[in-house]
Amino acid sequence: MAIDHFFDDFYYVVRDQESSVTTFCLREAFKLLGFALDADKSQVPAEVAEVLGVCFNMQSLSSQKILMIQPRATRVVNLGVIIDSILQADAMPHAGAASLLGKFGFLCSTMFGKVGRSCTGPLRDYLKGEPASPLPPHVVMTLKLMKILVHVAKPRKCFVHDTRSPILLYTDASDVPERGCNRWIVGAVLIHNENLRYTHYIVPQTIIDRWLPKETHMGQLELLACPLALATWHDLLRSAAVLHFVDNDSAAAGLVRGFSPKRDSSAIIGDYWILAATHEIDIYIDRVESKSNISDGPSRLDFTLLETLKGHWTPPRIDFLAANSFSV
Amino acid sequence: MARTMAGPYTVSDMLGKHGKFFNVVPSFGLQQGHAADGFIKYRRIDDHTASHNNLAANSKQKIVMAMVDYLAALIKAAARKTEFKLKVGTEDMKNAYRQIPLADSQVSISITAIYNPLTREPELYEIFG
């Protein structure tokens, strides 16, 4: 038996055939130490167990070596009740908004990837100003989106023996005004089973116009390369382990966090994690030095190195841009 | 289980028993979602920050929180060691830390109080755990 606790909540992992006797011994041990247990809250060992508000599903553990983690149903219901009461009142005190952010963040931690976190931006902004009534439209949309997300998001999957060879993904972007109508370009390189694939996308003005006005959009471009790569190679990436290398610290940190303080960046990060969750892509994001980023070439329309390495060009898929799922 | 509180007492009772330096710890209700019947759930919290007890306390040990990720790691580690089915069980301590005894010397600074709307007077209680 392996046992630990979170304050007064004790949990233990046990083999099926020893679960009854282990439970008996554990309860007797508490009794010997003089501690009373709450019989109403205790759960006998089960393959689907709820611990600390989280559901651990071990039904696929022995056969497929997969542990599924998802929010407890009542937590999802409770979040919906809180959101409904806020929407009905059309007002939200700061304490309520902070509490909601905490609850939603906890639920997100049990969902696939960082899906959903990007939609918390308007709530974080709301906390910086005075409480408003009626609520601003983008806050109302955020609240509705939160409610939908916790219902549709997939559970988190944990592999016990991860024998998958990771696919390497590099992304990059460039903004060179002298290139005229080719000013903004994003590029990506995918290395899988020694096969090298690359893509690039010349970003049109219409996409740039969606973002907040500023002198340079490098941060958003670096981010845009990321969902574009997932969308372009989603067939290859489905259920794969991926090492995603980014040479821009801000973009990498935003992807890891799952949101950005900048609303336009947050929308792109939202698309990235929605694609990852949709195709169940297990991603680890890390920084790569700019000089070692092999996707620098395609992001500058320079394909010399990739052609020398016998890389294959893949047309970029940009259909996710039309959906624009997280622009709130 | 032995009682974890004693009272109600009046202020003069407490002055007589613990002297003029006894300290009252206020409490508040923390909303914790909804119960299965739809009613809002509240947990009573003793506010040792408001009573300034926390200012007088010092911790020499960092408490590592074994939360959800820890249990996931525990299950994965166990699954690597066996081909048998695994199960998870839980035990909850009745009344939580009310079972952990308070040192006798600390009882006088952890008196809690509630307002009795019928008598319109505060009621004071000693807490032993």
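Quick caveat, the model's predicted, so the values are computed rather than measured.

**Q** Tell me about the overall build of chain B, residues and numbers included.
**A** Along its length, chain B carries two helices and seven strands. Secondary structure elements of chain B, listed N to C terminal, follow the sequence β-α-β-β-β-α-β-β-β. C-alpha extents for chain B along the principal axes are approximately 65 × 40 × 30 Å. When the 129 residues of chain B are sorted by exposure, 15% land in the buried category.

**Q** An account of unusual backbone geometry is needed here, citing residue identities and associated values.
**A** Cis rather than trans, the peptide bond between Ser133(A) and Pro134(A) has omega equal to 5°. Structurally, Pro134(A) can be placed in the loop between helix H5 (121-128) and helix H6 (137-152). The amide bond that connects Gly7(B) to the next residue, Pro8(B), takes the cis arrangement and shows omega of 5°. With respect to the element layout, Pro8(B) can be found in strand E1 (residues 5-9). Of note in the backbone geometry, Lys65(A) takes a positive phi value of approximately 60° without being a glycine. Structurally, Lys65(A) is set in the loop between helix H2 (61-64) and strand E6 (66-71). Look at Glu194(A): it is not a glycine, yet its phi comes out positive at around 65°. Within the secondary structure, Glu194(A) is located in the loop between strand E9 (184-192) and strand E10 (195-202).

**Q** An account of the domain arrangement of chain A is needed here, citing residue identities and associated values.
**A** Residues and elements named next belong to chain A. Looking at the assigned domains, one finds that chain A contains domain 1 (2-71), domain 2 (73-158) and domain 3 (164-323). Computed over C-alpha atoms only, the centres of domain 1 and domain 2 are separated by 30 Å. Facing the eight residues of domain 1 at the interface are nine residues of domain 2. Looking at the side of domain 1 that touches domain 2 element by element, the count peaks at six residues for E6.

**Q** Please give an account of the interface of chain B and chain A that cites residues and values.
**A** Contact with chain B, which involves 32 residues of that partner, is made by 47 residues of chain A. Looking at the side of chain B that touches chain A, the elements with two or more residues in it are strand E3 (27-34), helix H2 (68-81) and strand E5 (86-92) of chain B. With 10 residues, the top contributor of residues to the side of chain B that touches chain A is H2(B). In terms of residue class, the side of chain B that touches chain A is built from 18 nonpolar, six polar and eight charged. Pairing of strand E3 (residues 43-46) of chain A with E5(B), which is carried by two bridges, proceeds in the antiparallel orientation. By the bridge assignment, Ala46(A) is partnered in E5(B) with Val88(B).

Reading the values: the criteria
Residues numbered from 1 in each chain as written. Chains lettered and ligands numbered in written order. Predicted model: local features only at pLDDT ≥ 70, side-chain atom pairs only at ≥ 80, totals over all residues. Helix = DSSP H or I, 4+ residues; strand = E, 2+ residues; numbered from the N terminus. Buried ≥ 20, exposed ≤ 12 C-beta atoms within 10 Å, placed from the backbone. Domains from an automatic or database assignment. Contact = placed C-beta atoms within 7 Å. Nonpolar A, V, L, I, M, F, W, Y, C, P; charged D, E, K, R; others polar. Pairing = 2+ DSSP bridges.

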